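Observations on chain architecture
Chain by chain, the residues run as shown.
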Amino acid sequence: MTERIFIGVAWPYANNRLHLGHVAGACLPPDIFARYHRTRGDEVLMVSGSDQHGTPVTIRAEAEGKSPAEVAAYFHQKFVESFTGLGINFDLYTTTGTANHAAVVQDIFLRLLDKDYLYKDTVSQPYCVNCRRFLPDRYVEGVCPSCKLPGARGDQCDACGKPMNPAELINACCKLCGTPPEFRETEHFFLRLSAFEQPLLEWVKEQAGHWRLNVQRFTKRYLEEGLHDRAITRDITWGIPIPLPGYEDKRIYVWFEAVIGYLSASKEWAQISGDPEAWRKFWQEDCKSYYFIGKDNIPFHTIIWPAMLMGYGGLNLPYDVPSNEFLTVEAQKLSKSKNIAIWVDDFLSRYQPDALRYMLSVNMPDTSDTDFSWREFVRRNNDELVATYGNLVNRVLSMVQKHFEGKVPEHSSLDERSMSMIARAEETLKTMDELLYACRFKEAIKTAMALAAETNRYLDEKAPWKSVKTDKPAAGDALYTALTVISGLRTAFYPFLPFSSERLHHFLGFDGTIEADGWKLRRPVPGAAMNPPEALFIKLDDSVIEEETTRLGLTLA
Ligand SMILES: [Zn+2]
Ligand SMILES: [Zn+2]
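Report on the accompanying structure.

1. Regarding the side chain of Asp 477
Its location among the elements puts Asp 477 in helix H17 (residues 472-493). One buried charged residue, Asp 477, forms no salt bridge at all, with the nearest opposite charge on Lys 462 at 7.5 Å.

This is the structure:
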C-alpha cells in the first residue's frame, strides 16, 4: 500500500554559504526521509528554495555595496552546489524571486483580505531622519533592556535570546548611520491571527500522537499565551509588492511570504513536470505533509502557516513538523556571526559526502542539541564507516573476486547460523522501516550499523579465508550469506549514505536502482557476475583533527 508524501524543507536565507548546522537541522533529515519513502514505493514531492528577501539579505548587500538580487543569486548558486555535492535530492529547489512565487503570494494575500483575515491598521515604526527611511527591526540596534549588553537587534537580543520590539532598546540607533531613530506612524496590513486561536488549539490537540514532544510543548505554550495579530507588510522596497494600488512603497513582509514558498514551489514543480495540475495531488488530495525545520522555526510552521492555510481554505495542513534542536561545533554555539561555522563547500573539498552524512546522522540533534567535533568525526569515520562497514564489504567482495571468479558463489543448504544471519538482515530492514516512517533517523542508522557489526562476527566464526583452501563449498555458503546481508546493508544505508550504496549496488553486479528494488532484501543470484570492488570509504589520519581545529581558530584542549 503506497502513500503520498509531501516534504517541505526550511528555506535558508540567501545571505551566506550553507553550514553544518543547516544540514544537520533541516536538510539531511528530509533527504533521508525522501529516499526512504521513494524506496518504499511512495509518491514523494520534496521542495524548497532560497529565501532571497528579508533584511539578512539586504544588510549583507548594503555592507558589500551590491544589490540584494546579486547577493541572493550568488548564494542561491552556492546552495545548489552544496546540495548537489551532499546528495540532497530535491524535486525542485527554487527561490522566492520567481514570478510564480509572487503570483501565488499575491493570490493568498487577496483571498485572505477578501475573507477579512487581513486588515489595515496604523503602527509606530522606527524612522531614520538621516537616511530618510523607515528602519526594519534588524536595522535598529541598541542595549538589551534585559541583559544590558550592547549589540541587541530590534527583533532579538542574540546574547540572551529575548525577542525584541525596537522601541524597547536602550540607546537605540540606526544600524546604517548611527543616528537615534524617531518613531513615526505608518499604515500596514495585519494578519488576524487571533481569529485562529481556537481552531489551532483543537488542531494541535489532534496531532499529539505523532508530533515530537519538543514541537508539541513549544506550540501549546505559544498558543496558551494567546495569539496576537501581526503586521505582514513593511516600509521597504525589496520584497513582494502588495497587489493593491497606493502601496507602491511597501512590501509583503518576508515571514509571511517565505512559508508560501512550499505551495508556490509545488506549483512550479508541476509546471516543469509537464502537468500543471499535478501539485493538487499533494495539497488537495490524500497526502501527508512533513515540514523539516530547525527549532527556531517552529511557530511559523505549527501556528502561522497552518493559520494561513486554514484562512485560505481547501489546502492540506501539516501532518508533522519534525523540528531539530541545534548542532554546536567543538562545544561552542554554531554561529555565523562568530565565524566558527564549518562550511559545507569547504568540507566537501576535503572529505567524502557520505562521511559527513554519516556523522550528522548518528549524531543528529533530533531531541537535544548535539556537538560536532573533529575528533569524533575522525573516530566514527575510521572505526565505524571504514572498519566496521567498509572493510566488511571489501573483504567479502574481494574474496569472491579472488576465489569464485567474481561470481556470486553457489550455496548448498545453509546451516542454522547462516539462515539466522539472513533473517537478521530482513528483520533489520523491517525495524528500520518502522523507525524511518516515524522520523527516528538516529536509531535507524544505528540499527543498520549493528547489522554490519554482527556480520563481521559471523565471518570471524566462519573464517571463509581458511575454509576456502580446505572446504570450498563451506566458504561459498559463508560468502553467499555475507553477500546477501551486504545487499541488505546497501538498502539499509541508502537513505543515509546514497553515494556508497550506489557504488555497492554496482559492485554487486545488480541492474536497475536501489529505489526500484524496494525496501526489502534483494538476494544475489548464484552464478551472477559481480564487479571488482574498490574501498567504499577513505580512512582519515589523526592529523586531520589538529589541522581542522586550527582552521576553525580553536586550540585543542
Ligand atoms: Zn539580552
Ligand atoms: Zn540612518
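The structure having been displayed, the exposition proceeds.
2. Overview of a negative patch on the surface
A grouping of Asp 541, Asp 542, Glu 546 and Glu 547 is seen on the molecular surface, where their side chains present a negatively charged patch. Here Asp 542 lies in the loop between helix H19 (514-517) and helix H20 (543-551). Relative accessible area serves as the criterion here: at 54%, Asp 542 is assigned to the exposed category.

3. Section: the coordination of the zinc ion (ligand 2)
Octahedral metal centres with six donors ideally show angles of 90 or 180 degrees, and tetrahedral centres with four donors ideally show 109.5 degrees. Protein coordination at the zinc ion (ligand 2) comes from Cys 128 (SG), Cys 131 (SG), Cys 174 (SG) and Cys 177 (SG), with a distance range of 2.3 to 2.4 Å. Between consecutive donors of the zinc ion (ligand 2), the numbers of intervening residues give the motif C-x2-C-x42-C-x2-C. Pair noted here: Cys 131 is in the loop between strand E4 (118-128) and strand E5 (133-134) and Cys 177 is in the loop between strand E8 (170-174) and strand E9 (182-191), with a separation of 46 residues, a long-range link.

4. As for unusual backbone geometry
A positive phi angle is found at Arg 132, which is not glycine, with a value near 55°. The topology assignment puts Arg 132 in the loop between E4 and E5. Positive phi is not limited to glycine here, since Asn 171 has a value of about 50°. Mapping Asn 171 onto the fold places it in strand E8. A relative accessible area of 63% places Asn 171 in the exposed class.

5. Description of the packing of H17 against helix H18 (residues 498-507)
Between H17 and H18, whose axes approach to 8 Å, the crossing angle comes to 150°. Taken together, the axes of H17 and H18 are roughly antiparallel relative to one another. In this structure, H17 crosses over H18, and the sense of that crossing is left-handed. Contacts between H17 and H18 involve Ile 486, Arg 490 and Phe 493 from the first element and Pro 498, Ser 501, Leu 504 and His 505 from the second. Class assignment for the residues of the contact of H17 with H18 results in 4 nonpolar, 2 polar and 1 charged.

6. Points about the coordination of the zinc ion (ligand 1)
Listed as protein donors to the zinc ion (ligand 1) are Cys 144 (SG), Cys 147 (SG), Cys 157 (SG) and Cys 160 (SG); their distances from the metal cover 2.3 Å. Each of the 4 donor atoms bound to the zinc ion (ligand 1) contributes to angles spanning 106 to 116°, and the resulting shape is tetrahedral.

Parameters and conventions
- Residues numbered from 1 in each chain as written.
- Chains lettered and ligands numbered in written order.
- Predicted model: local features only at pLDDT ≥ 70, side-chain atom pairs only at ≥ 80, totals over all residues.
- Heavy atoms only, no water.
- Helix = DSSP H or I, 4+ residues; strand = E, 2+ residues; numbered from the N terminus.
- Buried < 20%, exposed > 50% of the residue type's maximum accessible area, 1.4 Å probe, protein only.
- Lys, Arg positive; Asp, Glu negative; His and termini not counted.
- Salt bridge = Lys/Arg side-chain N within 4 Å of Asp/Glu carboxyl O.
- Patch = residues over 30% accessible without salt bridge, like charges linked within 9 Å, V, L, I, M, F, W, Y side chains within 5 Å.
- Areas by Shrake-Rupley, 256 points an atom, 1.4 Å probe, with all protein chains shown as cover.
- Charge placed at Lys NZ, Arg CZ, Asp CG, Glu CD.
- Donors = N, O, S within 2.8 Å, 3.2 Å for Na, K, Ca; no water.
- Axes fitted to C-alpha atoms, helices over the stretch in contact; angles between N-to-C directions.
- Parallel < 35°, antiparallel > 145°, perpendicular 65-115°, else oblique.
- Left-handed = near helix turned anticlockwise from the far one by under 90°.
- Contact = heavy atoms within 4.5 Å.
- Nonpolar A, V, L, I, M, F, W, Y, C, P; charged D, E, K, R; others polar.
- Tetrahedral: all angles 85-135°; square planar, octahedral: opposite > 155°, others 65-115°.

That's the geometry; what it means functionally is another story.
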